[in-house]
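# Reading the structure
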Amino acid sequence: MTDPKQHYTLAEGRPIADPTVQQVLRGKPLTGGGLALLLDTPLIETLAHFPRERIPERVVHAKAAGAWGEFEVTHDITDITSAALFNKVGKKTKVLMRVSTVGPEKGSPDTVRDVRGWAMKFFTEEGNYDIVGNDLPVFFVRDPIKFPSLNRSHKKHPQTNVPDASMFWDFHNNNQEGVHALMQLFGNRGVPESVRHINGYGVHTFKYGKPETGEFKYVKITFKPDAGIKTMDEAKASRLAGEEPDYHIKDLYNAIEKGDYPSWTMYLQVMDPKEAETYRWNVFDATKIWPHKDYPLQPVGKLTLNKNPDNYFADIEQAAFSPSNMPPGIDYSADVMLQARMFSYPDAARYRVGPNYQQLPCNRAQYVYAPFERDGPATINGNYGGDPNYVRSQFSKATPLDRSSDVAHYEWTGRVQNYTSEVTDEDFEQGRMLWKLMIDEKEDQILIDNLAANIGKALPKVQEETVKMFAKVEKEIGERLQKKLDQINKTNGGPDHVNYGPYGLRPTYGAGY
Ligand code: HEM
C-alpha cells in the first residue's frame, strides 16, 4: 500500500492518482473536444480554491520581507520594567519580524523612496509584545484622524490611478507638522541598501514600568543594525526597481540561508515622568525625537534574525502585529495616535485575516486561555471544549493570577473637547537641527536634490507652497530648493510641464489639479 503521506488527495482526503486529470464527456460529433462536468469534484475544487487564495493586502505596508529570530537580553533593565521578557540577562525570546514599504502595493518594487515599517512580535511567556514601528524616528502626523488622508496622498490619485506628486505635496503643504519626517524621508536614509541595514524605531513614547508598585518611566525604543546603516542612491534604486523589484526580500532571504544572520542592538531612551512635564518638546507627539544628548541610548539586548519562513503566506502574510499587544510591565502613553492605533490594527486583522487570526501559528501566544472568545470562522484551537463560556462559573478551570497584572494608570481631570493640533514654529525646530547635522555630514545637497527631483513633478502652485514650507525650516533650504527647481522646471519646458508622481510615473491631470 502507498504511504498515505506520499500520495495526493482532495482537500477532504480522498486519494487521487493524477492531479492533472479532469472528467470530460468526450465523443461525437465534436471529436477532440468534450464537455466539462459539474460533478467533477477535483476540477471544481481546484478552480474554486484558486480565486480564494488571496486575502486582502494590508491597506498600508503591503509589501514586505519577513523572518523568524530571537531576542537576547544583554543588559539589566529590571530597575525600569518588570516585563518578564527582560527579567534576566541572557534570556532569549522567539521573535517574528516583518519589514515593509508603506505606500505602494504588494507587487511594487522594494527600492522606492519610502518609510520602512518595522514590525516585530516577541512571543513572551506573558503574552505577545509587538513593536510596530518604522525605520525613521518620527512620523508625518500626530492626529490619528489624519492618518488615512496622509496615506491616500502618498498612494494613487483617485482619477488617474497613478501616484501623484501634486497630491503628495499638497497634503504636506497643508499639514506641516510632517516637515521633520519629510526631511528624514528625502535625506540619505529614504532608500536603504537592504533591510539588514536599517534602524528600527518605536516612534511613540511608551511606558515601561512595574505593575506591582505603579512606578514607570517613559521610553523611546531604537534598534540599530550591528552591521551599520547602508543606504542606496537614486540611480541604483531606480535601476533595481525595474531589474530586481524584490531586491530587499531576496537579500534578507539569501543572507539568512547563508547563515549570515542580521542582528540589531535594542536601546532605550529613558525619561522620568516628572521631566516630561517640563521637557522642551511634547513627549506624546510622534513628530518629535528626544535628542540623544538629552536622553542617551541605553543598550538592552540583541535581536538576531536566523530563520526564513517555511511558507511566506502562512508565516508573514497572515501575521498580524498591533501596538495594543503589550505584556505586563509595558504600556501605552498619552499619545492619542498610539491609542488610536491600538484599535486600528486588531480591527484590520479581523477584516484581513479573520476574527480568529490570533489562533494561527504565526500569531499564537505561548499561553492563551480566553474561553470568553469562542466560535467564529476557522476556529482551530479546540474552542475550549466544554469549559464555561460565561464569566464567574463554579466550573471554571482558571487558577487565580498570583500577582496583579494591572497597569499604572494616569489620573485624569479634564474636559472632553474637539481637538486638532496646531502647527507652530516648534514643528520646524527639529528639522532645523537635522539640517545642521546634514551640513556637518555633507548630506545637505542630497536632501536638496532628492526633494527637488520629487517636488519638480508637482504643479507649479503646489511647488511654490512646498518651497515656502521648507524655507520655514531654514531660509537657505528654501533658496537652494528654489534654485534647483528653476533648473528642473526649465529642462521640463516651463511651469506647465507634465508632472510625475512620487514613484516616477507620469500621470495626466483632471480638473482641480
Ligand atoms: C500597518 C493603521 C500609524 C507602522 C498598518 C495597518 C493599519 C495601520 C490599518 C495595516 C494592518 C494590517 O492589515 O494588519 C495605522 C493608523 C495609524 C498608524 C490608524 C495612526 C493613527 C503608524 C505609525 C507607525 C506605523 C506611527 C510607525 C511608528 C506600521 C507598520 C505596519 C502598519 C510597521 C505594518 C505591520 C505589519 O507588518 O503587518 N497601520 N497606522 N503605523 N503600520 Fe500603521
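Residues numbered from 1 in each chain as written. Predicted model: local features only at pLDDT ≥ 70, side-chain atom pairs only at ≥ 80, totals over all residues.

A tally of regular secondary structure across the protein chain gives 13 helices and twelve strands. Residues counted as buried form 38% of the 513 residues belonging to the protein chain. For the protein chain, long-range pairs separated by at least 24 residues make up 73% of all intrachain contacts whose partners lie at least 6 apart in sequence. (Helix = DSSP H or I, 4+ residues; strand = E, 2+ residues; numbered from the N terminus. Buried ≥ 20, exposed ≤ 12 C-beta atoms within 10 Å, placed from the backbone. Contact = placed C-beta atoms within 7 Å.)

Right, let's talk about the packing of helix α3 (residues 165-173) against helix α12 (residues 460-473) for a bit. Following both chains from N to C, one finds α3 and α12 inclined at 40°, their axes separated by 9 Å at the closest point. Here α3 lies oblique to α12, going by the angle between them. Judged by the sense of rotation from one axis to the other, the crossing of α3 with α12 is left-handed. Of the residues in α12, those touching α3 at Ser166, Trp169, Asp170 and Asn173 are Val462, Glu465, Thr466 and Met469. Tallied by class, residues from the contact of α3 with α12 come to three nonpolar, three polar and two charged. (Axes fitted to C-alpha atoms, helices over the stretch in contact; angles between N-to-C directions. Parallel < 35°, antiparallel > 145°, perpendicular 65-115°, else oblique. Left-handed = near helix turned anticlockwise from the far one by under 90°. Nonpolar A, V, L, I, M, F, W, Y, C, P; charged D, E, K, R; others polar.)

Before going further, it helps to examine the site of the ligand. In the vicinity of the ligand there are 29 residues, among which His61, Gly117, Ala119, Pro144 and Val203 approach most closely. Of all the secondary structure elements, the ones that give two or more residues to the shell around the ligand are β4 (92-101), β5 (116-124), β6 (127-134) and α9 (336-352). With eight residues, the top contributor of residues to the shell around the ligand is α9. Residues of the shell around the ligand, tallied by class, amount to 19 nonpolar, six polar and four charged. (Near = placed C-beta within 6 Å.)

Here we take up α3. Extensive coverage of α3 is indicated by the burial of seven of its nine residues. When α3 is considered as a whole, its buried residues turn out to be Ala165, Ser166, Met167, Phe168, Trp169, His172 and Asn173.

Turning our attention to the packing of α12 against helix α13 (residues 475-491). Remark: α12 packs on α13, axes separated minimally by 5 Å, with the N-to-C direction vectors making an angle of 150°. Taken together, the axis directions place α12 and α13 in an arrangement best described as roughly antiparallel. Of the residues in α13, those in contact with Gln463, Val467, Lys468, Phe470, Ala471 and Val473 of α12 are Lys475, Ile477, Gly478, Leu481, Gln482 and Leu485. Its residues assigned to classes, the contact of α12 with α13 comprises seven nonpolar, three polar and two charged.

To continue, consider the confidence of the model for the protein chain. Model confidence for the protein chain is summarised by a mean pLDDT of 93, while 94% of its residues fall at 70 or above. Confidence drops under pLDDT 50 across residues 494-513; counting only partners more than four residues distant or on other chains, this segment forms 41 contacts. Here the predicted complex scores 0.94 on pTM and 0.98 on ipTM. (pLDDT = per-residue confidence, 0-100.)

Let's shift gears to unusual backbone geometry. The step from Lys28 to Pro29 runs through a cis peptide bond, and the omega angle for that step is 5°. The topology assignment puts Pro29 in the loop between β1 (24-25) and β2 (35-36). Even without being glycine, His61 reaches a positive phi, approximately 60°. Of note, Asn161 is a non-glycine position whose phi angle comes to about 60°, a positive value. In this structure, Asn161 sits in the loop between α2 (147-154) and α3.

With respect to burial, helix α4 (residues 179-186) is a largely interior element, eight of its eight residues being buried. Among the residues making up α4, those that are buried are Val179, His180, Ala181, Leu182, Met183, Gln184, Leu185 and Phe186. Residues of α4 that are buried in the fold lie against α3, α10 (426-440), α11 (444-455) and α12.

Okay, the environment of Leu447 next. Topologically, Leu447 is positioned in helix α11. Along the sequence, Leu447 and Arg189 sit 258 residues apart, while their C-alpha atoms lie 10.0 Å from each other. When neighbours within four sequence positions are excluded, Leu447 is seen to be in contact with Met183, Phe186, Gly187 and Met438.

Our focus in this paragraph is the environment of Trp290. Relative to the helices and strands, Trp290 is located in the loop between α7 (273-278) and β11 (298-307). Of the residues examined, Trp290 has 21 C-beta atoms within 10 Å and is grouped as buried. For the pair Trp290 and Leu481, spaced 191 residues apart in sequence, the C-alpha separation works out to 28 Å. Setting aside its immediate chain neighbours within four residues, Trp290 contacts Lys220, Gln269, Met271 and Tyr295.

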